[in-house]
Amino acid sequence: MHSAAMGGGALFGCSSAGHSGINQLGGVYVNGRPLPDSTRQKIVELAHSGARPCDISRILQVSNGCVSKILGRYYETGSIKPRAIGGSKPRVATTPVVQKIADYKRECPSIFAWEIRDRLLSENVCNNDNIPSVSTIGL
């Protein structure tokens, strides 16, 4: 590892969890750590003022993919906060959800898992935060 690409963990007020470095745009990052809230807020503010994601990327020296991901999440949820790192996913196949899935399968044995997901959402049994995955439903 090059010494120039290491040791900038203090820039984000983090311990040196993950390797830090300079991205292709000249911005500093720490692998595996979310972008600081202040930068996330600037991304949203620039987008609101009409800047394109590629311009925001250059201005803030953050990758285009990162800008798109943060804006996508902001437009979807209204939050600039990153998702939790690690931890276990909350159990979504609760007894009432499992019962509803069984009801759907009894009504129509050939129903597809994606159709079950659509019905769970449209009938407000689940929302986007607690909907089981297609692979979970198929079990």
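Here, every reference points to the structure presented above.
Residues numbered from 1 in each chain as written. Predicted model: local features only at pLDDT ≥ 70, side-chain atom pairs only at ≥ 80, totals over all residues. Heavy atoms only, no water.

## Side note on the packing of helix H1 (residues 37-48) against helix H3 (residues 64-77)
How we decide: Structural elements are reduced to axes, namely lines fitted to C-alpha atoms, with helices fitted over the stretch in contact, and the angle between N-to-C directions of any two is expressed from 0 to 180 degrees. Numbering of helices and strands starts at the N terminus; helices are DSSP runs of H or I of at least 4 residues and strands are runs of E of at least 2. To sort the angles, those under 35 degrees are grouped as roughly parallel, those over 145 as roughly antiparallel, those from 65 to 115 as roughly perpendicular, and the leftovers as oblique. Residues are treated as being in contact if the distance between any of their heavy atoms lies within 4.5 Å. Ten residues, namely Ala, Val, Leu, Ile, Met, Phe, Trp, Tyr, Cys and Pro, are considered nonpolar, four, namely Asp, Glu, Lys and Arg, are considered charged, and the remaining ones, Gly among them, are considered polar.
At a minimum axis separation of 10 Å, H1 and H3 run at an interaxial angle of 75°. As judged from the angle between their axes, H1 and H3 are roughly perpendicular. Of H3, the residues touching H1 (which contributes Arg40, Ile43, Val44, Ala47 and His48) are Val67, Ile70, Leu71, Tyr74 and Tyr75. Class assignment of the residues belonging to the contact of H1 with H3 gives a composition of 8 nonpolar, 1 polar and 1 charged.

## Things to note about unusual backbone geometry
Here is the rule we go by: For each residue, the accessible area found with a 1.4 Å probe, counting protein chains only, is set against the maximum for its type, and the residue is called buried under 20%, exposed over 50%, and partly exposed in between.
Even without being a glycine, Gln61 presents a positive backbone phi close to 60°. Tracing the backbone shows Gln61 in the loop between helix H2 (53-60) and H3. According to the relative accessible area criterion, Gln61 is partly exposed, its value standing at 35%. In this structure, Asn124 takes a positive phi of about 55° despite not being glycine. Inspection of the secondary structure assignment puts Asn124 in the loop between helix H5 (113-122) and helix H6 (134-137).

## Regarding the packing of aromatic side chains
The condition is simple: Pairing of aromatic side chains requires ring centres within 6.5 Å, counting the rings of Phe and Tyr and the six-membered ring of Trp. Pairs whose planes differ by under 30 degrees are stacked, by over 60 edge-to-face, and all others tilted.
What the rule picks out here adds up to 2 aromatic pairs. Taking the centre distance of 6.2 Å and the plane angle of 10° together, the rings of Phe112 and Trp114 count as stacked.

## As for the pattern of salt bridges
The cut-off we apply is this: We define a salt bridge as a contact between a side-chain nitrogen of Lys or Arg and a carboxyl oxygen of Asp or Glu at a distance within 4 Å.
Following the criterion strictly, the structure yields 6 salt bridges and no others. Note that Asp37 and Lys81 form a salt bridge whose closest N and O atoms lie 2.5 Å from each other. Taken together, the positions of Asp37 in helix H1 and Lys81 in the loop between H3 and helix H4 (95-107) put the pair 44 residues apart, joining distant regions of the chain. Look at Asp37 and you get partly exposed, because its relative accessible area is 31%. Of the charged contacts in the structure, one is a salt bridge between Arg52 and Asp55, with a shortest N-O distance of 3.0 Å. Classification of Arg52 as partly exposed rests on a relative accessible area of 49%.

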